[in-house]
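These are the residues of each chain, in order.
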Amino acid sequence: MPMKTNIEEIILHVARVMIDELKLEDITPEGFDPDIDLVDEIGIDSMDLATVALVLRDHYAIRIEEDDYPKLTNVRLIAEYIEQKLSEKSVAAAN
Amino acid sequence: MMSRISGNQTGKETNSFRKEWKFSEILAERGVRERWEKVRKYFFLRESTYDMSNRCNIRCEGCYYYEGDKQFAAENKNPDSWRRLMQAEKARGITYVVLAGAEPSLAPDLCRICFKEFPLGSIATNGLKAIPADINFKIHISVWGNDDTSARVRSAKNMLIRQIENYRGDPRAVFVYTFTSNNIDQVHEVAAILAEHGCKLTFNVFSAPVGYRGDLRHTPETLGETRKAMMDLLTAYPGNVLFSPYNAVAHTHRKGLHDLYGCSYPRRNASTDIGLGRSFRQYRTDLNWDRAAACCVPDTDCDDCRHYAAGSAVVTARMFRHAGDPQTFKSWLDYVDTYLSVWVMDYHKGANLSDRMAAPPENEIF
Ligand code: SF4
Ligand code: SF4
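Residues numbered from 1 in each chain as written. Chains lettered and ligands numbered in written order. Predicted model: local features only at pLDDT ≥ 70, side-chain atom pairs only at ≥ 80, totals over all residues. Heavy atoms only, no water.

### Re the overall build of chain A
Right, so step 1: The number of helices and strands found in chain A is 4 helices and 0 strands.
Right, so step 2: Mapped from its N terminus to its C terminus, chain A presents α and β elements in the order α-α-α-α.
Right, so step 3: Here chain A has a C-alpha radius of gyration of 13 Å; the compact-globule value for 95 residues is 12 Å, and the two agree.
Right, so step 4: C-alpha atoms of chain A, sized along the principal axes, occupy 45 × 25 × 20 Å.
Right, so step 5: Summed over its atoms, the accessible surface of chain A is roughly 5,000 Å², and 50% of this surface lies on carbon and sulfur atoms.
Right, so step 6: If the 9 positive side-chain charges of chain A are averaged to one point and the 22 negative ones to another, these points end up 9 Å apart. (Helix = DSSP H or I, 4+ residues; strand = E, 2+ residues; numbered from the N terminus. Rg over C-alpha atoms; globule rule 2.2 N^0.38 Å. Areas by Shrake-Rupley, 256 points an atom, 1.4 Å probe, with all protein chains shown as cover. Lys, Arg positive; Asp, Glu negative; His and termini not counted. Charge placed at Lys NZ, Arg CZ, Asp CG, Glu CD.)

### Side note on the interface of chain B and chain A
Right, so step 1: Counting from both sides, the interface comprises 22 residues of chain B and, opposite them, 22 residues of chain A.
Right, so step 2: Residue Glu66(A) pairs with Arg321(B) through a salt bridge whose shortest N-O separation is 2.8 Å.
Right, so step 3: Linking chain B to chain A there are 9 residue pairs in polar contact (both at pLDDT 80 or more).
Right, so step 4: Contributions of two or more residues to the side of chain B that touches chain A are made by helix H1 (23-28), helix H2 (32-40) and helix H13 (319-322) of chain B.
Right, so step 5: Residues of the side of chain B that touches chain A, tallied by class, amount to 11 nonpolar, 3 polar and 8 charged. (Contact = heavy atoms within 4.5 Å. Salt bridge = Lys/Arg side-chain N within 4 Å of Asp/Glu carboxyl O. Polar contact = N/O pair within 3.5 Å; in protein donor to acceptor, adjacent residues only side chain to side chain. Nonpolar A, V, L, I, M, F, W, Y, C, P; charged D, E, K, R; others polar.)

### Structural notes on the sheet that holds strand E3 (residues 47-51) of chain B
Residue and element names in this part refer to chain B.
Right, so step 1: Reading across from one edge, E8-E7-E6-E5-E4-E3-E9 is the order of the 7 strands in this open sheet, with parallel pairing throughout. Two strands lie at the open edges of the sheet, namely strand E8 (201-205) and strand E9 (282-283), each paired on one side alone.
Right, so step 2: With 4 bridges joining them, strand E5 (residues 121-125) and strand E6 (residues 138-143) adopt parallel strand pairing. Bridge assignment links Ala-124 to a residue of E6, and that residue is His-140.
Right, so step 3: Sheet contacts for helix H8 (residues 220-236): strand E7 (173-179) and E8; angle to E8, the most-contacted strand, approximately 170°. (Pairing = 2+ DSSP bridges. Axes fitted to C-alpha atoms, helices over the stretch in contact; angles between N-to-C directions.)

### A closer look at helix H7 (residues 186-196) of chain B
Side chains of residues three or four places apart in an α-helix project in the same direction, reflecting 3.6 residues per turn.
Residues and elements named next belong to chain B.
Right, so step 1: Within H7, the full set of buried residues consists of Gln-186, Val-187, Val-190, Ala-191 and Leu-194. The buried residues of H7 occupy an angular sector of 125° when the element is viewed end-on, so they sit on one face.
Right, so step 2: On the buried face of H7, the contacting elements are E6, helix H5 (147-154), helix H6 (159-167), E7, E8 and H8.
Right, so step 3: Once H7 ends, the next one or two residues include Gly-198, with phi positive near 70°. (Buried < 20%, exposed > 50% of the residue type's maximum accessible area, 1.4 Å probe, protein only. Arc of directions from axis to C-beta.)

### Considerations on the site of ligand 2
Right, so step 1: What surrounds ligand 2 is the set His258(B), Cys263(B), Tyr265(B), Arg267(B), Arg268(B), Cys295(B), Val297(B), Thr300(B), Cys302(B), Cys305(B) and Ala310(B).
Right, so step 2: Partitioning the shell around ligand 2 into residue classes produces 7 nonpolar, 2 polar and 2 charged. (Near = heavy atom within 4 Å.)

### Comments concerning the pairing of E6(B)
All names here are of chain B.
Right, so step 1: Most of E6 is tucked away: 6 of the 6 residues are buried.
Right, so step 2: Two strands pair when backbone bridges link them, and E6 and E7 are joined in this way by 5 bridges, in the parallel orientation. Residue pairing for E7: Val-143 is matched across the bridge by Tyr-177.

### A look at unusual backbone geometry
Residue and element names in this part refer to chain A.
Right, so step 1: Backbone geometry places Ala-61, a non-glycine residue, at a positive phi of 55°.
Right, so step 2: Here Ala-61 lies in the loop between helix H3 (46-60) and helix H4 (75-94).
Right, so step 3: A relative accessible area of 18% places Ala-61 in the buried class.

### Section: the site of ligand 1
Right, so step 1: Taken together, the neighbourhood of ligand 1 is formed by Cys56(B), Ile58(B), Arg59(B), Cys60(B), Cys63(B), Ala102(B), Asn126(B), Trp144(B) and Arg154(B).
Right, so step 2: Here the residues of the shell around ligand 1 sort into 6 nonpolar, 1 polar and 2 charged.

### A few points about the nonpolar core
Right, so step 1: Grouped together as the largest cluster of nonpolar side chains are 81 residues, with contacts concentrated most on Phe329(B) and Trp332(B).
Right, so step 2: Top contributing element to this core by residue count: helix H14 (residues 326-343) of chain B, with 9 residues.
Right, so step 3: Once residues lying within four places of it in the same chain are set aside, the contact partners of Trp332(B) are Met47(A), Trp36(B), Phe43(B), Tyr246(B), Val315(B), Thr316(B), Arg318(B), Met319(B) and His322(B).
Right, so step 4: Core analysis: the next-biggest nonpolar cluster, separate from the first, contains 48 residues, Val97(B), Tyr167(B), Ala191(B) and Met231(B) among them. (Core = buried A, V, L, I, M, F, W, Y, C linked by side-chain atoms within 4.5 Å.)

### Here's the deal with the pairing of E3(B)
Residue and element names in this part refer to chain B.
Right, so step 1: Extensive coverage of E3 is indicated by the burial of 5 of its 5 residues.
Right, so step 2: Pairing between E3 and strand E4 (residues 96-100): 5 bridges, direction parallel. The residue bridging Tyr-50 from the neighbouring strand is Leu-99, located in E4.
Right, so step 3: For the handedness criterion, the β-α-β arrangement of E3, helix H3 (residues 79-91) and E4 is classed as right-handed.
Right, so step 4: Sheet topology places E3 next to E9; 2 bridges connect them, and they run parallel. In the strand pairing of E9, Thr-49 is matched with Gln-282. (Right-handed = clockwise from strand over helix to strand, strands pointing away.)

### Examining the confidence of the model for chain B
All names here are of chain B.
Right, so step 1: On average, residues of chain B score 92 in pLDDT, and 95% of them are at 70 or above.
Right, so step 2: When the criterion is pLDDT under 50, residues 1-15 qualifies, and its contacts beyond four places in sequence or with other chains add up to 33 contacts.
Right, so step 3: Across the interfaces of the predicted complex, the ipTM metric reaches 0.86, alongside a pTM of 0.92. (pLDDT = per-residue confidence, 0-100.)

### Some thoughts on the side chain of Asn363(B)
All names here are of chain B.
Right, so step 1: Within the secondary structure, Asn-363 sits in the segment after H14.
Right, so step 2: Judged by its relative accessible area of 7%, Asn-363 is buried.
Right, so step 3: Within the local environment of Asn-363, its side chain forms a polar contact with the side chain of Lys-255, the two groups lying 2.5 Å apart.

### Quick look at the pattern of salt bridges
Here the idea is simple: oppositely charged side chains can pair when their charged atoms come close.
Residues and elements named next belong to chain B.
Right, so step 1: In total, this model carries 31 salt bridges over all chains according to the counting rule given.
Right, so step 2: The shortest N-O distance in the salt bridge between Arg-35 and Asp-334 comes to 3.9 Å. Here Arg-35 is found in helix H2, whereas its partner Asp-334 is found in helix H14, with 299 residues between them in sequence.
Right, so step 3: For Arg-35, a relative accessible area of 11% corresponds to the buried category.

This is the structure:
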């Protein structure tokens, strides 16, 4: 379970999952532009996104709602979504 | 992780604790990872459908093609127009074409042009006129009951044997038996004949066209009988029947596909966000398409939609929500494995991972 929730760390991790799961060639997590449009420029579809979401769900132990997929159009937005969910979780745990 | 939840597999309230499965734990089960890797190679498939002809050599009761206004589109028979359309489709990311009707076998040259541009696709036909062997798409041959029923409902004599003569031993061919409310018992006779000739068979469920007033529409009772017949035939002809227990649940549920899974075709999904709602088009014979009407079975009553082609897109797209526990995920994998074996040339169905019926996520089993 990752303890660091720094946004840059999450971006790197999301990029790594994206590369591993979707077998994206010739790109490193560090070289993955977090602002590139995953649909229009990488060509990922809803099944790809679902696969990545399941792996991220496991890793961060958070819920990723299917209805939120349309918002998750680049790596930065996914990372921000995860960060938000993690902070909601820690607030809930504190209460 | 363990969590307290407010619903179980049957959707009823419960106070019990249920394990919350990680995806990696589900994939760790024997056979599941392998099947997952097998099917996910096909996640690149993005379909669109095309009406190849507005003519048909028979007239069936309950035909959805002759509902609505698509039947009035003029036929564009120009090979160059079709070639250009196919190239444009490829350029916008389409990887799979479904050639449909009225009757595509009446336009073989246009089907051939589509095949030359796209290696993957399928053709929906009534099977009375053979589609040339060089068009190497899956061919779905519609069967609506035994020959007496076909003579009555489709006005075609000796239909099954003519279909078999055209497609016996053809690896492209899948016979699609459509269960209506009044041909359920006949499936046993039809399946026996098809099995005897070594033919592959899958199942469809009659989904009424908008405004349909005939008696083919299902009731909860006939859906139950249909489910039982599907399960019986799955056991009786495992080498011929391309289906799974979860297919039976999804297509004979009292709720239609849209209510169960949320249909993502443009006709039901106004958004152009990621997925089918963004990429799918349904072209008429004049090569135009209309977003408001676009799905694989336009003019079907959405509330009654249990169509096999609709399910192939709608159920498979809902991978995420099936990944909550091993039984549901195995059922989903069986569904996808079935769908690929029916729609993709040279894809061979494996044994079902689950031999029992699972409830659709957040729903009861009926
Ligand atoms: S064969 Fe198909 S297109 Fe032709 S009338 Fe029957 S259902 Fe309609
Ligand atoms: S008829 Fe079926 S596939 Fe078409 S939009 Fe309605 S629910 Fe979806």
